[in-house]
Amino acid sequence: MKMRRMAEELTEAQRSALIDRLRALKLDLEEQLASVDTAAKPVELDQASVGRLSRMDALQQQAMARAGQRSLHGRLSRCVSALAAVDRGEYGLCRACDEPIGYRRLAAYPEAPLCIECQGGGR
């Protein structure tokens, strides 16, 4: 027996507010990526100016910056995809089941490509 879908289509006011939030999020992610790019640059090998422990610390910081950079790139990619869905008139629909994604989910995660059920593998 299938569970009844609880998500309803977005109202025009909700859709508009979410799209504005999505555009602002895209700009914010682009700014964050610009600042992280500097920290993710290769660490210099000059042992004369930087001691071994300092270099190891710098390498660790670089690795963390690169991980953060990958995460930001992924979220930015999902934002761009969501904005493309807006242009196609498909924003707010699950890519897997084509059912509406709940407003509460989109309010928390405006670039969400899947409804809660599909995200959790329930389908």
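Residues numbered from 1 in each chain as written. Predicted model: local features only at pLDDT ≥ 70, side-chain atom pairs only at ≥ 80, totals over all residues. Heavy atoms only, no water.

**Some remarks on the overall build of the chain**
Phase 1 of the analysis: Looking only at helices and strands, the chain features four helices and zero strands.
Phase 2 of the analysis: The N-to-C order of helical and strand elements in the chain reads α-α-α-α.
Phase 3 of the analysis: Per-residue burial for the chain yields a buried fraction of 28% across its 123 residues.
Phase 4 of the analysis: A separation of at least 24 residues holds for 61% of the contacts in the chain among residues at least 6 apart in sequence. (Helix = DSSP H or I, 4+ residues; strand = E, 2+ residues; numbered from the N terminus. Buried < 20%, exposed > 50% of the residue type's maximum accessible area, 1.4 Å probe, protein only. Contact = heavy atoms within 4.5 Å.)

**Some words on the nonpolar core**
Phase 1 of the analysis: Counting residues in each nonpolar core, the largest one holds 24 residues, and the members touching the most others are Leu22, Leu29, Tyr91, Cys94, Leu106 and Cys115.
Phase 2 of the analysis: Going through the elements one at a time, α1 (12-39) and α2 (52-88) are the ones with two or more residues in this core.
Phase 3 of the analysis: Take this core: its biggest share by element is eight residues, from α2.
Phase 4 of the analysis: Setting aside residues up to four positions removed in sequence, Leu106 forms contacts with Leu10, Leu18, Arg21, Tyr91, Gly92, Ile101 and Ala112. (Core = buried A, V, L, I, M, F, W, Y, C linked by side-chain atoms within 4.5 Å.)

**Description of the side chain of Arg105**
Phase 1 of the analysis: Mapped onto the elements, Arg105 comes out in helix α3 (residues 103-108).
Phase 2 of the analysis: Although buried, Arg105 forms no salt bridge, and the nearest oppositely charged side chain, Glu111, lies 9.1 Å from it.
Phase 3 of the analysis: Apart from the residues lying within four places of it in its own chain, the contact partners of Arg105 are Ala112, Leu114, Cys115, Ile116 and Gln119. (Lys, Arg positive; Asp, Glu negative; His and termini not counted. Salt bridge = Lys/Arg side-chain N within 4 Å of Asp/Glu carboxyl O.)

**As for the environment of Ser77**
Phase 1 of the analysis: For Ser77, the position within the fold is in helix α2.
Phase 2 of the analysis: The sequence separation of Ser77 and Lys26 amounts to 51 residues, and the corresponding C-alpha distance is 9.1 Å.

**What about the confidence of the model for the chain?**
Phase 1 of the analysis: Taken over all residues, the pLDDT of the chain has a mean of 84, while the share at 70 or more is 80%.
Phase 2 of the analysis: The element-level mean pLDDT for the chain is lowest in α2, coming to 88, with α3 highest at 95. (pLDDT = per-residue confidence, 0-100.)

**Focus: the environment of Leu27**
Phase 1 of the analysis: Tracing the chain through its elements places Leu27 in helix α1.
Phase 2 of the analysis: The spatial distance from the C-alpha of Leu27 to the C-alpha of Leu76 is 9.0 Å, given a sequence separation of 49 residues.

**What to know about the pattern of salt bridges**
Phase 1 of the analysis: One pass over the full model with this rule turns up three salt bridges.
Phase 2 of the analysis: As a salt-bridge pair, Glu111 and Arg75 come within 2.3 Å of each other at their nearest N and O atoms. Taken together, the residues span a long stretch of sequence, with Glu111 in the loop between α3 and α4 (116-119) and Arg75 in helix α2 at a distance of 36 residues.
Phase 3 of the analysis: For Arg88, the salt bridge goes to Glu90, with nearest N and O atoms at 3.0 Å.

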